[in-house]
Amino acid sequence: MSHKTRLIAALDTQSIQQANNWAHQLSRHVDALKLGLEFTYACGFEAVKEFSQKHPLFLDLKLHDIPNTVAGGLSSLGQIHPKLLTIHASGGRAMIERAREALEIAYPNSSERPILLAVTVLTSMDENALHEIGVVGSVDDQVLRLGKMAISSGADGLVCSSKEITLLRQALGHKPTLVVPGIRPAGSASDDQKRIMTPTDAARAGADWIVVGRPITRSENPTAAARAIQDELQSA
Ligand SMILES: O=c1ccn([C@@H]2O[C@H](COP(=O)(O)O)[C@@H](O)[C@H]2O)c(=O)[nH]1
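Residues numbered from 1 in each chain as written. Predicted model: local features only at pLDDT ≥ 70, side-chain atom pairs only at ≥ 80, totals over all residues. Heavy atoms only, no water.

(A) Fine view of the overall build of the protein. When you go through the protein residue by residue, the secondary structure sums to 11 helices and eight strands. In terms of overall dimensions, the protein is globule-like: its C-alpha atoms have a radius of gyration of 17 Å, near the 18 Å expected for 236 residues. Along the longest, intermediate and shortest principal axes, the C-alpha atoms of the protein span 45 × 40 × 40 Å. A separation threshold of at least 6 residues defines the contact pool for the protein, and within that pool the share at least 24 residues apart is 67%. Element-wise, carbon and sulfur atoms account for 48% of the exposed surface of the protein, whose accessible area totals about 11300 Å². (Helix = DSSP H or I, 4+ residues; strand = E, 2+ residues; numbered from the N terminus. Rg over C-alpha atoms; globule rule 2.2 N^0.38 Å. Contact = heavy atoms within 4.5 Å. Areas by Shrake-Rupley, 256 points an atom, 1.4 Å probe, with all protein chains shown as cover.)

(B) View of the UniProt feature "active site" (unreviewed entry) in the protein. UniProt annotation of "active site" (unreviewed entry) refers to Lys62 when read in the numbering used here. Inspection of the secondary structure puts Lys62 in strand E3 (residues 57–63). The residues contacting Lys62, other than those within four sequence positions of it, are Lys34, Thr86, Ile87, His88, Val119 and Leu122. (UniProt positions renumbered as here; feature names shortened; annotations may be inferred.)

(C) Inspection of unusual backbone geometry at higher detail. Non-glycine residue Lys62 carries a positive phi angle of around 45 degrees. Its relative accessible area of 28% is what places Lys62 among the partly exposed residues. (Buried < 20%, exposed > 50% of the residue type's maximum accessible area, 1.4 Å probe, protein only.)

(D) Expanded view of the site of the ligand. Around the ligand, 16 residues are found, and the nearest of them are Asp12, Lys34, Thr123, Arg184 and Gln193. A distance of 2.6 Å separates an oxygen atom of the ligand from a polar atom in the side chain of Lys34. Residue Arg184 places a side-chain N or O atom 2.7 Å away from an oxygen atom belonging to the ligand. When the free accessible area of the ligand is taken as 460 Å², the share hidden by the protein chains comes to 88%. The cavity where the ligand resides is the largest pocket. Those elements that place two or more of their residues in the shell around the ligand are E3, strand E8 (209–212) and helix H10 (214–217). Taken together, the residues of the shell around the ligand sort by class into seven nonpolar, three polar and six charged. (Near = heavy atom within 4 Å. Polar contact = N/O pair within 3.5 Å; in protein donor to acceptor, adjacent residues only side chain to side chain. 1 Å grid on protein atoms, 1.4 Å probe; cavity = no way out; pocket = protein on both sides within 12 Å on 5 of 7 lines; lining within 4 Å. Sits in = over half its atoms within 2 Å of the grid points. Nonpolar A, V, L, I, M, F, W, Y, C, P; charged D, E, K, R; others polar.)

Set out below in structure tokens:
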């Protein structure tokens, strides 16, 4: 059986009404919806909680702090039941281990526990950006280093770009969930995303989930844009 790549639409907005409108238009055409910093800071956790009761949710808050604070943050998720959530791999082994422990306590039933994803290198960064923050070597080296460390520390999966999927699969096998933003349909204008691929190429590379924001939400017809991406994934 061929590998199925699932589609997440990123709803980056400060408006509950806008998020609900998009969810209404998109929920039959995508596999999950992503809320991140913009929605959470503007609309609050009650709004995130309500949303999570209606839709499969990827809660992308990318926690990055000392282990005790990250563990405390995850313990406070309470009634929110995201399907996937994120921390930064660069927070280090102790932070990831504590994040894992906190989730196991907060969600004792493993079938309800969110998939813990560690962000390797943001898809908006290229090699120059990495060098500027003092990382020597290639993006591939850094993704691989962080990816191996994060999985061995208890992360269930990684956020990476499509360009690193083959490398990560060779090193880590097929168990880790690979979630891939930086997706741009052919012909898209360039923007802040640096390590990009089309939906077709990401599916062929073996992404478990792709995350697509602006190509859907800024399109004149978000439903048609999501359906076109699903069609690409089906025929990849
Ligand atoms: O490395 C990363 C990690 C997370 N993201 C998030 O994905 C979406 C992508 O949105 P687009 O509009 O399709 O660029 C966005 O919410 C980011 O926060 C990422 O892009 N890269």
